Amino acid sequence: MKYLKKYILPVSALVFIVLGASLPYLTLKMQDNQISRFREKMELSTINLTLRQESDVLFVLQLISKEHTESSWTGKTVLTKADASRAALTVMETLDRCSLLPEGELELLKQSDGDAEPFLLVGEDGSSALIWACTWHSSPGIYITLDDATGKAVRILTANSQTEISLAEEVYIQQNRWNAFLQSYYDIKLTEVKERESGYDVTTSFVMCFSSKDDTIKYEFNLELESGHTFFNY
């Protein structure tokens, strides 16, 4: 018994010293594991949220039209880069059929290399979605933003059909073409168009008011027509 007592205290002291030295490391390791699990949970929650909304591109349309942040995304996506580029070209083909592109613009895009990058879109209320920013090397002034879940456009910057919109009748002809495109593309109906002051002589701005076919949901999107370019939902 005396022999055991002789060594119990030194051994116990050594154990406490070892534990004390390793405690900061163990604590840091546990924190790292917790942070890692949190990040995985956050990424999975974002993906699941996007998948739940895959039949509702209008949700993303509204989200991107309000205050939000956009950051590069390196996680999983529904679309690949190639898919997004093809979907963006499909949008341009639809715009061309609606006479919303300059003559020859579509052919130029078809012959050009396109690029697409994914981003995480987060609204002020925490709502989120994955989007793609799509461009073409031949036309650096054209941007199509796509919803990752549906492949549909949620923001558009493109060239006007006219080299320069200068006459009032040309502006309203173009605006009416956009009315027709938006109603058909998103399966919604136009309820009102409000012209607003843009602050620039070369820009005509509209607030496009739409509703769902059953009138249960209302939408408002911005449309700006300026000399050479059109901005939708910016």
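A brief report on the enclosed structure follows. Owing to the predicted nature of the structure, the values given are computational and were not obtained by experimental measurement.

## Considerations on the overall build of the protein
When helices and strands are tallied, the protein shows 5 helices and 9 strands. In the protein, the order of α-helices and β-strands from amino to carboxyl end is α-α-β-α-α-β-β-β-β-α-β-β-β-β. Taking all 234 residues of the protein together, 37% fall into the buried category. The long-range fraction of contacts in the protein, counting pairs at least 24 apart against all pairs at least 6 apart in sequence, stands at 57%. Only carbon and sulfur atoms are counted for the fraction: they give 56% of the accessible area of the protein, which is about 13900 Å².

## Some remarks on helix α3 (residues 81-97)
The end-to-end C-alpha distance of α3, which contains 17 residues, comes to 25 Å, matching closely the 24 Å that a straight helix rising 1.5 Å per residue would cover. Ala84, Ala87, Ala88, Val91, Met92, Thr94 and Leu95 are the residues of α3 that are buried. In a view along the axis of α3, the buried residues occupy a sector of 160°, so they form one face of it. Summarising the geometry of α3, the exposed residues directed more than 90 degrees from the buried face are Arg86 and Arg97. Just downstream of α3 lies Ser99, where phi reads positive at about 60°.

## Observations concerning the pattern of salt bridges
A full pass over the atoms with the stated rule returns 9 salt bridges. Residue Lys110 pairs with Glu93 through a salt bridge whose shortest N-O separation is 3.9 Å. One end of the pair, Lys110, is in helix α4 (residues 105-110); the other, Glu93, is in helix α3, and 17 residues separate them in sequence. One salt bridge in this structure joins Glu107 and Lys110, with 4.0 Å as the shortest N-O distance. Here Glu107 and its partner Lys110 are both found in helix α4, 3 residues apart, which amounts to about one turn of the helix.

## Let's talk about the environment of Lys213
The topology assignment puts Lys213 in the loop between β7 (203-211) and β8 (218-226). Linking Lys213 and Ile188, residues 25 residues apart in sequence, is a C-alpha distance of 5.8 Å. Lys213 has contacts with Asp187, Ile188 and Lys189, leaving out every residue within four places of it along the chain. A distance of 2.7 Å separates polar atoms of two side chains, one belonging to Lys213 and the other to Asp187.

## A closer look at the packing of aromatic side chains
A full pass over the atoms with the stated rule returns 10 aromatic pairs. Summarising the aromatic geometry, the rings of Trp178 and Phe232 are spaced 6.0 Å apart at their centres and angled 25° between planes, so their arrangement reads as stacked. With Trp178 in helix α5 (residues 168-186) and Phe232 in strand β9 (residues 229-232), the pair connects residues that are 54 residues apart, well separated along the chain. Members of the aromatic cluster, joined through ring pairs, are Trp178, Phe181, Tyr185, Tyr186, Phe210, Tyr219, Phe221 and Phe232. Its guanidinium or amino end placed over the ring of Tyr185, Lys152 lies 4.4 Å from that ring's centre, counting from NZ or CZ. Just above the ring of Tyr234 sits the side chain of Arg155; from NZ or CZ to the centre is 5.2 Å.

## Quick word on the environment of Arg97
Residue position: Arg97 is located in helix α3. Using a relative accessible area of 62% as the deciding quantity, one classes Arg97 as exposed.

## Some thoughts on the sheet that holds strand β2 (residues 114-123)
Reading across from one edge, β1-β2-β3-β4-β5-β9-β8-β7-β6 is the order of the 9 strands in this open sheet, with antiparallel pairing throughout. Strands at the two margins of the open sheet, each flanked by one partner only, are β1 (68-72) and β6 (189-196). Recorded for the sheet is a direction-independent mean angle of 25° between the axes of neighbouring strands. Here 7 bridges tie β6 to β7, and the two strands are oriented antiparallel to one another. The residue of β7 that forms the bridge with Arg196 is Ser205.

Rules used throughout
Along every chain, residues carry numbers that run from 1 in the direction the sequence is written. Reporting of local features is limited, given that this is a predicted model, to residues whose pLDDT is at least 70; pairs of side-chain atoms are given and counted only at 80 or more, and all residues count toward the totals for whole chains, interfaces and linings. No hydrogens and no water enter the side-chain calculation; it runs on all heavy atoms of the structure. Every helix listed is a DSSP run of H or I at least four residues long, and every strand listed is a run of E at least two residues long, numbered separately from the N terminus. Here's how the labels work: a residue is buried when its accessible area is under 20% of the maximum for its type, exposed when over 50%, partly exposed in between, all with a 1.4 Å probe on protein chains only. Contacts between residues were defined by any pair of non-hydrogen atoms, one from each residue, lying within 4.5 Å. To measure how exposed things are, a 1.4 Å probe is used in the Shrake-Rupley method; for residues, cover is taken only from the protein chains shown. Helices are assigned an expected span. That span is 1.5 Å times one less than the residue count. Think of the arc as the fan of directions from the helix axis to the C-beta atoms. Take a side-chain nitrogen of Lys or Arg and a carboxyl oxygen of Asp or Glu: if they are within 4 Å of each other, that pair is a salt bridge. Identification of polar contacts relies on pairs of N or O atoms within 3.5 Å, with a donor-acceptor requirement for protein atoms, meaning one able to donate a hydrogen and the other able to accept it, and with residues adjacent in sequence counted only if both atoms are side-chain atoms. Pairing of aromatic rings covers Phe, Tyr and the six-membered ring of Trp, with a centre-to-centre limit of 6.5 Å; geometry is then stacked below 30 degrees between planes, edge-to-face above 60, and tilted otherwise. A positively charged side chain is recorded as over a ring if its NZ (Lys) or CZ (Arg) lies within 6 Å of the ring centre. The angle to the ring normal must also be within 35 degrees. At least two bridges found by DSSP between two strands is the condition for calling them paired. Every axis in this analysis is a line fitted to C-alpha atoms, fitted for helices over the stretch in contact. Angles between the N-to-C directions lie between 0 and 180 degrees.

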